Amino acid sequence: MKRLSTLIDCVVLIEKGESVLPIVFQSRLNDLFTQIEKEFEALYVENLALHEKLENLAALAVASEQPTSLTSERSFTGGGASLDCTDGLLGEASGSIPKGQHGKVKGDKGLPGQQKVALRLKQQTHKIVSSFKTNPVSCSFVKEFSGHKDGIWDVTSARLGIPVVGTASADHKAGVWSTDSGRCLLRYQGHNGSVNSIRFHPTRELALTASGDHTAHIWQAAVAWEQMIQKGLSSEEEFEASEKEEVDVDSGDGPVGLATLRTPSSILNGHTSVVICADWLCGGDQLITASWDRSACLWDTNTGERIQNFYGHDSELSFVSTHPVQKFVVTTSKDATFRTWDLRMNSHSVSVFQGHTDNITSAVFTKEEKLVSGSDDRTVKVWDIRNMRASLVTIRLDSAVNRISVSSNGLIAIPHDDRHVRIFDLSGQRLGRLPRSNRQVIYLKTSSYHHLSFIQYLLNVQIENVCIMQFMKCKLCLYSCLQGHRRMATSCAWGEDQKVNLFTCGFDRVVMAWNVQYNKDKDKEKDKDRDKEREKD
């Protein structure tokens, strides 16, 4: 009762607008906000100076009757006025002089000094201007799948209409999860090593996993939907319970929902080292595996027999992926190269490409006849598979890239070692980043579920991913609800569901489901409205 009364007193103080934090924390927060205010003041002063330089350049252009080469199409907004560099400054400066394409004056290259100043100003103002842009995509966290006892290496989504995702973990287990309920429907533990990748069959209820035990397994991924929906346990409780019950999914014994599969349909033996990845070819009649023994193997799905080995990489393979509609395969390696294999003819052809300077962690085909590769050299490159002489786009990032995924509408999800997941389009434009935010509530230091429910009702908040930090002698704790991965993000997978269409996993042992909406159409409408307003002006 004493704890409860103390909590109620704190809530009353919050409602009155008074702080319940100790003086030490208040002063620390004041210092931080003061530093932030100083940084914004510095940015504001710098922005004013840049505007003054732009005005000086405009005056210089008018005086010399030679317009500058500053032809940026961006609009700088400050003090409530819109300053358009193309139609505003240069239009007034040039008078009736005819313009060529992109707003430049025909036959004029501008003064060399002015060009250098214009380029320097463009670089300096780029960060300031880009900070005021709205993200073309909106990302919101939907739910979390937890239950693995070690880091998760890979996540994959099933074909359209099947609301499940698969996970591959370093705890030697793979899981099949319901995207609707967030519960674990089936756990596979037939491997004797880390499960490094998982893929669902394109037409059948089969799953393919690659493991550190030098094998790849094909196993039945069928689940009892009606029984699983009625199940009341959480995903983590299911994992713990299934370890105690030791129930075989084929026997039909034991509690409903604690399905554990141990026996695969086929075991693919042939590699002499870790099998790092495996994928189905289009149609699903064949599959391919990639290993640290520097080779890839082509297998028959129905018989489990090895058809052919592929050699050529100088170091361990790191990833393998197949084309969605053609028998093309791409393998990546730690030798900083990737190879494409054309399996449409009996005489298989191979092409070698060097575009990165470090281990290539993944490469995937797109429906637009492009290939996207990611590397530890902190770059992602987009290639045209019809002309692979040079990459079309190079995306430079600030952290190593892990297993990327490309959506059906051309969005690239890029997981990083620094826990972030960034989203780009195939043209290299940065669209956004999955949110990482903290929501904090005050809660009693107790494990009672009733207390948790009471606080959730009283403060009208949702408590999840609880991290406890005791900071008051009255045994109140600050619970930080973190959105986003807490350790390295390892893999991404796009789905086709409108409510949940992106899944990410990491070494924090969880899979997170997101809703990502691309606002490209809305942005086009806004641009048209702005153009109409400019024409009227």
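Residues numbered from 1 in each chain as written. Predicted model: local features only at pLDDT ≥ 70, side-chain atom pairs only at ≥ 80, totals over all residues. Heavy atoms only, no water.

- The chain goes by WD repeat-containing protein 37 in an unreviewed UniProt entry, where it is assigned to Orchesella dallaii.

1. Examining the overall build of the chain
Argument step 1. Counting secondary structure elements, the chain contains eight helices and 34 strands.
Argument step 2. Relative to its 537 residues, the chain shows a buried fraction of 47%.
Argument step 3. For the chain, contacts bridging at least 24 residues in sequence account for 51% of all contacts bridging at least 6.
Argument step 4. About 28,300 Å² of surface is accessible on the chain, with carbon and sulfur atoms providing 49% of the total. (Helix = DSSP H or I, 4+ residues; strand = E, 2+ residues; numbered from the N terminus. Buried < 20%, exposed > 50% of the residue type's maximum accessible area, 1.4 Å probe, protein only. Contact = heavy atoms within 4.5 Å. Areas by Shrake-Rupley, 256 points an atom, 1.4 Å probe, with all protein chains shown as cover.)

2. Details of a nonpolar patch on the surface
Argument step 1. Nonpolar side chains collect at one region of the surface, where L29, L32, F33, I36, F40 and L43 lie side by side and expose about 570 Å² of accessible area between them.
Argument step 2. Within the element layout of this structure, L43 appears in helix α2 (residues 23-64). (Patch = residues over 30% accessible without salt bridge, like charges linked within 9 Å, V, L, I, M, F, W, Y side chains within 5 Å. Salt bridge = Lys/Arg side-chain N within 4 Å of Asp/Glu carboxyl O.)

3. Looking at the packing of aromatic side chains
Argument step 1. Under the definition given, this model contains eight aromatic pairs.
Argument step 2. Geometrically, the ring pair formed by F145 and W177 is edge-to-face, given 6.1 Å between the ring centres and 70° between the ring planes. Taken together, the positions of F145 in strand β3 (residues 137-146) and W177 in strand β6 (residues 174-178) put the pair 32 residues apart, joining distant regions of the chain. For the pair shown, F145 and W177 are each scored as buried.
Argument step 3. Judged by centre distance (4.6 Å) and plane angle (5°), the ring pair of Y188 and W219 falls under stacked. Taken together, the residues Y188 in strand β7 (residues 184-188) and W219 in strand β10 (residues 215-220) connect sequence positions 31 residues apart.
Argument step 4. You can call Y188 buried: its relative accessible area is 0%.
Argument step 5. Clustering of aromatic rings is evident, with ring pairs tying together F145, W177 and F503.
Argument step 6. The ring of W292 carries the charged tip of K334 above its face, separated from the ring centre by 4.6 Å. (Phe/Tyr/Trp six-rings, centres within 6.5 Å; stacked < 30°, edge-to-face > 60°. Lys NZ or Arg CZ within 6 Å of the ring centre and 35° of its normal.)

4. Let's talk about the nonpolar core
Looking at soluble globular proteins, one finds that nonpolar side chains tend to be buried together.
Argument step 1. Judged by nonpolar contacts, the single largest core of 28 residues is most densely connected at V372 and I414.
Argument step 2. For this core, the leading source of residues is strand β17 (residues 317-322), giving three residues.
Argument step 3. Among all residues touching I414, those that are not within four sequence positions of it are V380, L397, V401, I404, H420, V421, R422 and F424. (Core = buried A, V, L, I, M, F, W, Y, C linked by side-chain atoms within 4.5 Å.)

5. Examining the sheet that holds strand β5 (residues 164-169)
Argument step 1. Ordered in space as β4-β5-β6-β7-β11, the five strands form an open sheet in which the pairing is mixed. The open sheet terminates on both sides in strands that have one partner only, identified here as β4 (152-157) and β11 (260-261).
Argument step 2. Pairing of β6 with β7 involves four bridges; the strand directions are antiparallel. By the bridge assignment, V176 is partnered in β7 with L186. (Pairing = 2+ DSSP bridges.)

6. What about the sheet that holds strand β23 (residues 379-384)?
The pairing of strands in a sheet happens through backbone hydrogen bonds and is either parallel or antiparallel.
Argument step 1. An order of β21-β22-β23-β24 is seen for the four strands of this open sheet, with the pairing classed as antiparallel. Only two strands of the sheet have a single neighbouring strand rather than two, namely β21 (360-365) and β24 (393-396). Taken over all neighbouring pairs, the strand axes of this sheet differ in orientation by 15° on average, direction set aside.
Argument step 2. Two elements, β23 and β24, share four bridges in a ladder whose sense is antiparallel. Within the sheet, the bridge partner assigned to V382 lies in β24 and is V393. (Axes fitted to C-alpha atoms, helices over the stretch in contact; angles between N-to-C directions.)

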